[in-house]
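Each chain is listed here by its residues.
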Amino acid sequence: LDVSATPEGRGTALRTVAAVREVLPIPLTVGGGVRTLADASALLQAGADKVGINTAAFENPALLTAVAEQLGRQCTVVSVDAARRRDAAGWEVVTRSGTRRTGRDALDWADEAVARGAGEILLTSWDRDGTRDG
């Protein structure tokens, strides 16, 4: 996952995916900078087995449906970054590499994402990401 691709306005790392795929014969899920169906398709063509979509899916939930319908639910992964609410009453979705609190309940968003076509959920506790204490 290239978590800085969206906030930095970069696209997907197609060359990197193709290079990794040539040397590592393992399942590969790739995310970061996926904003369109074409982005997801290009990643799969480059060698990814699954595509992770976070901010773009949250901001445009129809994208999940389009990716699932056109490319298959089995390769559609919604990445959900969750942070403890400031009032400690549950978890909310954060986007743009944790810089934007959305106010949306993380469990509600996960349910909607599955209903829209996500075949898998990659859930990250943003409060503990990078702390080695997750």
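Residues numbered from 1 in each chain as written. Predicted model: local features only at pLDDT ≥ 70, side-chain atom pairs only at ≥ 80, totals over all residues. Heavy atoms only, no water.

Here we look at the packing of aromatic side chains
Overall, the coordinates contain one aromatic pair when judged by the stated rule. Taking the centre distance of 5.4 Å and the plane angle of 80° together, the rings of Phe58 and Trp109 count as edge-to-face. In this pair, Phe58 is assigned in helix H4 (residues 55-59) and Trp109 in helix H6 (residues 106-115), connecting sequence segments 51 residues apart. We classify Phe58 as buried; its relative accessible area is 15%. (Phe/Tyr/Trp six-rings, centres within 6.5 Å; stacked < 30°, edge-to-face > 60°. Helix = DSSP H or I, 4+ residues; strand = E, 2+ residues; numbered from the N terminus. Buried < 20%, exposed > 50% of the residue type's maximum accessible area, 1.4 Å probe, protein only.)

A closer look at the packing of helix H3 (residues 37-46) against helix H5 (residues 62-71)
With their axes 9 Å apart at the nearest point, H3 and H5 run at an angle of 40° to one another. Between H3 and H5, the crossing angle belongs to the class labelled oblique. In the crossing of H3 with H5, the sense of the turn from one axis to the other is right-handed. On H5, the residues touching Leu37, Ala40, Ser41 and Leu44 of H3 are Leu63, Ala66, Val67, Gln70 and Leu71. Within the contact of H3 with H5, the residues separate by chemical class into seven nonpolar, two polar and no charged. (Axes fitted to C-alpha atoms, helices over the stretch in contact; angles between N-to-C directions. Parallel < 35°, antiparallel > 145°, perpendicular 65-115°, else oblique. Left-handed = near helix turned anticlockwise from the far one by under 90°. Contact = heavy atoms within 4.5 Å. Nonpolar A, V, L, I, M, F, W, Y, C, P; charged D, E, K, R; others polar.)

A short note on the nonpolar core
Counting 24 residues, the largest nonpolar core has Val17, Leu43, Ile53, Leu64, Val78 and Trp109 as its most contacted members. Only H3, strand E2 (50-53), H4, H5, strand E3 (76-84) and H6 provide two or more residues apiece to this core. Apart from residues no more than four positions distant in its own chain, Ile53 is found in contact with Val34, Leu63, Leu64, Val67, Val77, Val78 and Ser79. (Core = buried A, V, L, I, M, F, W, Y, C linked by side-chain atoms within 4.5 Å.)

What about the pattern of salt bridges?
In this structure the tally under the stated criterion is eight salt bridges. Across the pair Arg21 and Asp49 runs a salt bridge, and its minimum N-O distance is 2.3 Å. Within this pair, whereas Arg21 is found in helix H2 (residues 14-23), its partner Asp49 is found in the loop between H3 and E2, the two being separated by 28 residues in sequence. Judged by its relative accessible area of 23%, Arg21 is partly exposed. As a salt-bridge pair, Glu112 and Arg104 come within 2.8 Å of each other at their nearest N and O atoms. According to the relative accessible area criterion, Glu112 is partly exposed, its value standing at 22%. Taking the relative accessible area as the measure of exposure, Arg104 reaches 27% and is therefore partly exposed. A single salt-bridge network, built from bridges that share partners, covers Glu59, Arg96 and Arg100. (Salt bridge = Lys/Arg side-chain N within 4 Å of Asp/Glu carboxyl O.)

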